[in-house]
Every structure is written in C-alpha cells, then in structure tokens.
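# Understanding the architecture of this molecule
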Amino acid sequence: MSAARAMRAAGPARRVLPPNGLPRLIPPDGPLPLADHIGRYGPAPFQAGDLITVVEQAGLTGRGGASFPAGRKMRTVAQAGRKAGPLRGSGGTIVVANGAESEPASGKDRLLLTRAPHLVLDGIALAAEAVGAARGYLTVDERQDELALHLAAAIGERERAGQNWVPVQILGVPARYVASQETAVISQLNGGAAKPAFVPPRPFEKGAHGRPTLVQNVETLAHIALIARFGADWFRDLGPAPAGVPGPGAGPAAGSALITVSGAVNRPGVYEIALGMPVGELISWAGGPSERPQAFLAGGYFGGWLPYDQALDVPVSDPALRAAGAALGSGVLVLLPESACGLAETAWIAGFLATQSAGQCGPCVNGLPALAGMLEQLAFGRADRQALGWAQRLVTLVTRRGACHLPDGAAAFVASALATFADEIRQHAAAGPCSRVRRRPVLPAPGYVWGQWK
Amino acid sequence: MSRSLRVNPIACEAHGMCVELLPELITADPWGYPIIAPGPVPGHLLPLARRAVAACPTLALLLDQNE
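Residues numbered from 1 in each chain as written. Chains lettered and ligands numbered in written order. Predicted model: local features only at pLDDT ≥ 70, side-chain atom pairs only at ≥ 80, totals over all residues.

With that out of the way, let us pick up the overall build of chain B. When helices and strands are counted, chain B shows two helices and four strands. Taken from the N to the C terminus, the helices and strands of chain B come in the order β-α-β-β-α-β. Its C-alpha atoms give chain B a radius of gyration of 11 Å, within 12% of the compact-globule value 11 Å for 67 residues. Seen through its principal axes, chain B has C-alpha atoms that stretch 30 × 20 × 20 Å. Looking at chain B as a whole, 27% of its 67 residues are labelled buried. Contacts in chain B between residues at least 24 apart in sequence constitute 62% of all its contacts with a sequence separation of at least 6. (Helix = DSSP H or I, 4+ residues; strand = E, 2+ residues; numbered from the N terminus. Rg over C-alpha atoms; globule rule 2.2 N^0.38 Å. Buried ≥ 20, exposed ≤ 12 C-beta atoms within 10 Å, placed from the backbone. Contact = placed C-beta atoms within 7 Å.)

Within chain A, the regular secondary structure consists of 18 helices and nine strands. Across the 454 residues that make up chain A, the buried fraction comes to 57%.

A word on the sheet that holds strand β5 (residues 256–263) of chain A. Residue and element names in this part refer to chain A. Read across the open sheet, the five strands follow the order β6-β5-β9-β7-β8; overall the sheet is mixed. Every other strand in the sheet has two partners, leaving β6 (269–274) and β8 (304–307) as the edge strands with one partner each. Recorded for the sheet is a direction-independent mean angle of 30° between the axes of neighbouring strands. Sheet topology note: the β5/β6 ladder contains six bridges and is antiparallel. Its bridge partner lying in β6, L258 is registered against E272. (Pairing = 2+ DSSP bridges. Axes fitted to C-alpha atoms, helices over the stretch in contact; angles between N-to-C directions.)

Okay, the nonpolar core next. Across soluble globular proteins, you tend to see nonpolar side chains buried next to one another. The biggest cluster of nonpolar side chains holds 155 residues, and the ones touching the most others in it are V120, I124, A127, I227, L282, F296 and L371 of chain A. Considering each element in turn, this core owes the most residues, ten residues, to helix α6 (residues 117–131) of chain A. Not counting chain neighbours up to four residues away, the residues in contact with L371 of chain A comprise A350, A391, L394, V398, A410 and V414 of chain A. Judged by nonpolar contacts, the second largest core, of 15 residues, contains C18, Y33, V41 and A52 of chain B. (Core = buried A, V, L, I, M, F, W, Y, C linked by C-beta atoms within 7 Å.)

Quick look at unusual backbone geometry now. All names here are of chain A. A cis amide bond links L22 to the next residue, P23, at an omega of -5°. Along the polypeptide, P23 turns up in the loop between α1 (3–10) and α2 (34–41). Here G30 and P31 are connected by a cis peptide whose omega angle stands at 0°. For P31, the location among the structural elements is in the loop between α1 and α2.

To continue, consider the interface of chain A and chain B. In many reports, interface size means the accessible area that the parts give up when they come together. Listed as interface residues are ten residues of chain A and, on the opposing side, eight residues of chain B. Broken down by element, the side of chain A that touches chain B gets its largest block of residues, three residues, from helix α15 (residues 362–380) of chain A. Each residue belonging to the side of chain A that touches chain B can be placed in one class, and the counts come to five nonpolar, four polar and one charged. (Nonpolar A, V, L, I, M, F, W, Y, C, P; charged D, E, K, R; others polar.)

Here the focus is the packing of α6 of chain A against helix α7 (residues 145–160) of chain A. When two helices pack together, their arrangement is given by the angle between the helix axes and the distance between those axes. Residues and elements named next belong to chain A. It is at 10 Å that the axes of α6 and α7 come closest, and there the two elements cross at 65°. In this structure, the crossing between α6 and α7 has a hand that is right-handed. Residue-level contacts link P117, H118 and L121 of α6 to H150, L151, A154, I155 and R158 of α7. Across the contact of α6 with α7, the residue classes break down as five nonpolar, two polar and one charged. (Left-handed = near helix turned anticlockwise from the far one by under 90°.)

Once that is clear, we can look at the environment of P34 of chain B. Residues and elements named next belong to chain B. Position of P34 among the secondary structure elements: in strand β3 (residues 34–36). Judged by the 27 C-beta atoms lying within 10 Å of it, P34 falls in the buried class. Between the C-alpha atom of P34 and that of N66, which follows or precedes it by 32 residues, the distance is 21 Å. Aside from chain neighbours lying at most four places away, what touches P34 is V7, C12, C18, V19, I26 and A28.

This paragraph deals with the domain arrangement of chain A. All names here are of chain A. What the domain assignment lists for chain A is domain 1 (48–235), domain 2 (251–337) and domain 3 (342–438). Using C-alpha coordinates to define each centre, domain 1 is positioned 34 Å away from domain 3. Contact with domain 1, which involves eight residues of that partner, is made by seven residues of domain 3. (Domains from an automatic or database assignment.)

So, about helix α18 (residues 422–431) of chain A. Residue and element names in this part refer to chain A. When α18 is considered as a whole, its buried residues turn out to be E424, I425 and H428. Buried positions in α18, seen along its axis, are confined to an arc of 100° and lie on one side of it. Exposed side chains of α18 directed beyond 90 degrees from the buried face belong to A422, D423, R426, A430 and A431. (Arc of directions from axis to C-beta.)

Residue and element names in this part refer to chain A. With their axes 7 Å apart at the nearest point, α6 and helix α9 (residues 218–230) run at an angle of 75° to one another. Here α6 lies roughly perpendicular to α9, going by the angle between them. Of the residues in α9, those touching α6 at L119, V120, D122, G123, I124, L126 and A127 are V218, L221, A222, I224, A225 and A228. (Parallel < 35°, antiparallel > 145°, perpendicular 65-115°, else oblique.)

Here the focus is helix α4 (residues 70–84) of chain A. Over its 15 residues, α4 of chain A extends 21 Å from the first C-alpha to the last, a length consistent with the 21 Å expected when each residue adds 1.5 Å. Those residues of α4 of chain A lying buried are A70, G71, K73, M74, V77, A78, A80 and G81 of chain A. (Expected span 1.5 Å × (residues − 1).)

Before going further, it helps to spend a moment on the environment of T27 of chain B. Residue and element names in this part refer to chain B. Secondary-structure assignment places T27 in strand β2 (residues 26–28). Along the primary structure T27 and M17 are separated by ten residues, whereas in three dimensions their C-alpha atoms are 11 Å apart. The residues touching T27, leaving out its near neighbours within four places in the chain, are V19 and I35.

This brings us to the sheet that holds strand β4 (residues 213–217) of chain A. All names here are of chain A. Strand order in this open sheet of four strands is β3-β2-β1-β4, and the pairing throughout is parallel. This sheet does not close on itself; its edge strands, each paired only once, are β3 (168–173) and β4. When strand polarity is set aside, the average angle formed by the axes of neighbouring strands in this sheet is 25°. Two strands pair when backbone bridges link them, and strand β1 (residues 93–99) and strand β2 (residues 133–141) are joined in this way by seven bridges, in the parallel orientation. Considered in β2, the bridge of A97 is made with L138. Of the strands in this sheet, β2 and β3 touch α7, which is tilted by about 175° from β3.

Here it is in structure tokens:
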C-alpha cells in the first residue's frame, strides 16, 4: 500500500504496522470510529496492485461455509463483468457481503460486524474495485434491527468523511436457514422470494439485477481488507504448512479464522485462531470442558459429528476436518456433554432442518421429514436394524437432489451421527431409549419445537 | 461431445413421464421424483432422452452438453 497515504491519514507521528499474531480481525477495544480504524490499519489501499492475484496468493478461502477459494471467485466475477459489458447504462458488477449468519450455532459474523464494521466495509469497497463493481449490498438477519442501525451509522460515518467509495445498501434477510444461501439472496435482491434458485446461471454469471455478482461472507471480506494492506505473506504467516511445503502456512488452510465455540465449555464465545490449531487446544482456549464431553459438532448443521477423544488432535481447518468426517463450515464447534444423547440431538436438528426447507424441491420436501422421523424413531422408539437401514437409505436419497445444499447438509449431518453414535444406536436397540433423551437439547434450533416437521 | 441429463428440482412436479419414457436411465424415488443415472447418456439412448425431455410437462428435464 501507499505508505504516504497512510501517514497522511494517520498523522505523521504514527506508522501503521501489520497486526502481529492474533487477533487480526476483531479489535479488543472495538468498534473503532473511522478515524481510529484508519489510524490502526491505514487507509484502504485502492489501486495498490492486483488485489485478486494477492488474494489468490494468500490462499484465502470463503468463511461462509463452502471454503471456496476467495481469489478464484473474485477473478471469475471480474472476467464475467468484462464479458457482460455495460448494460443499459448501468455497467459493472455487484458485490454482496453476506452477514445474515443463518447457522444457529454461529455468532462470529454478528460479532465481526458489531466490533469491526469498517474492516468489512473496507473489504466491500476493495473487492468492488477489484471486480469492477459500482455498488454493494450488506445482508443482515432482518430481526437484528440494532445491528442494521449500527452498520448504517458506520456507512454514514464514511459518507461524512468522504470515504464511502462504493455505495453500500443494507438488506434484511428473512430468518430462514436457506434464505442467506447465495442464490436466495440474489433472488431477494431481484424482487423475488428469498429462496434458492436453480443454477446455472450462477451469481457470478447473472446475479443481482442481472449483473455478475460476487457474494462473499463478511469475514472473508474483512480478511481481504487486511490482505490488501499487509500482503499475502503476512496472511499466510499464520496457519499450518501443508505437507511437503517448507515455511509458514499456504494453500487452503492459510490464515486465521473466527470460530464460534459453544456447548459444554467453560467460556463459550467467538475465538480467532490460526487455522490448523488442534481442536483440543481451541477447547482449552474456551476454558476447557464444563462437564464430561462425548463428541464435537464441527461445521454447524452442514458439518458433522466427531467422537471427543478421536477429534482432539484434528487440526481446525477445512481439509483436516473433512478428512475426519466433518467440515469447517462457517466455523462452528459445539462440544456435546456426556449428559446429552447424541441421537436425540441429531433428531432435534434433523427436525429443525426439515422445517427450514424452502418447500421447492420434492426430494427435500419429502425426504427431510422422512429423515427426521427416522431419527426420532432411532432416538425415542425402536432403534432396530430396519430403522437404521431406512435412515441410511434416506441419506443417499436426498443427497444432491435439491437446488440448494440443504438436503446434502442434512444428509451429511445425519450420516456423521450414524457413524459417531453407532454405540448409542446399539444400546438403544438393546435396552430402549436412554434416560438422557429427556434432556433439553444442547444444539440451538431457533423457533423449533419437537415434532414441528410433521 | 457427450450429453448428460439433469433435473431442475424446483420445476419438477413428479409427473413421472421421464421415468416411463427412459427407464434405462431414470428411476423414481419413493415419492415419484426422478433419479438420473450418473454419467453421459449413451449414444443409442440419445433419441429416447430427447423424447423424454420434450415430454416433461414442466420442462424440468434438461439435456446438457458436456464441455
């Protein structure tokens, strides 16, 4: 970046140094007013080179759930924008910052938007410049009025300071699991219902207002705001080195990430970690187990269950968690205590996910309630071989059968439960439901009541 | 250049025409929605695949050109 510009903005007495170690994204004393934000990080470095290449070199992956390479997505949108050309005078592409955070066990996007709004807004402006976008949208959960007002105030601050490089409009998204899915946000922006759409066309080809659209999670954009300032090497300075590659982190597990830790830990909350930190160490950061643990849920309801003792050494990164049978997802880790029944928890969430269907695709509309019913039978009724066989068959039947990934996520979540809680299924089959099934569920399912899927 | 069948799951209403017309590649799930055999459509089935696509009442069955 231009050091001269940073000096001017921050005053001659201060030099902007890259944040050393952690946290990178969330200032402990935030939210910072715009002037202090610029003082700490320096101004957003526009035209400081080819940002897309730098993001690619950094190895940043999307933090919204899919862990897709962020630089590649930006390049695709930029190319599609050049190909599309100006249309009826409203040229350019569009950037959508996704902060709706519909994953119930996740709290990191709300925390980031609350404590570091200008980092996200910098990220929107920088990404917009890189992909040729003339406008941006920032989505938040429509129930979070206070957060929307807080963000509107931050945008107002930038306008008054003449630093609002790209007009950003705040969009309230319905509180439904699939409403913050990429194509659902696009559909809402285009005046339709907030429901997933059939692809292609994908958002990068034809998104909001028919323009090529870059949809990135707000944390991804905040990372971009820092990578633009401090470079790819600085970003990769945290995170593990992949096998056979000397030096600090590279590839898909580079950098830091915000992880929401909850369940049976002493200090639940959002932790920014260097990707690759072992699960066990993160649990220690969160104060250690608050009662005897039995399993983890990693990646949220599109992720998977892992047995406690086998997962402690697993690095928190998407490749490592996938190899273990879960995923990084949107950075969710829930510790399940032994006092809870893993089958009942899974039945609870399978039912919740069935109620979250947008109701568009037959295999999802029919398959998710059938799956929920079979899980309730395994947890509360006869956990016989036939029920287990049906649950496994339904997992296969719904996978990749919808327009969005809700059925795939529900199926993977249930499949991981059938593997992780295999002993419980045998015990339920032999002796009937355990006493722990009556416990209030540990996993959050906002607005859901037992059996609502019926 | 090969071709593959694909269903638009939002448009599909389980009329079952494709299952009737192309059982070689399309079967019904327990609710009547089509399950397509993975992979490209074999050359000798292409005419039948085209007929199934044309017969779908909701235009939900697609014959894609693979790149």
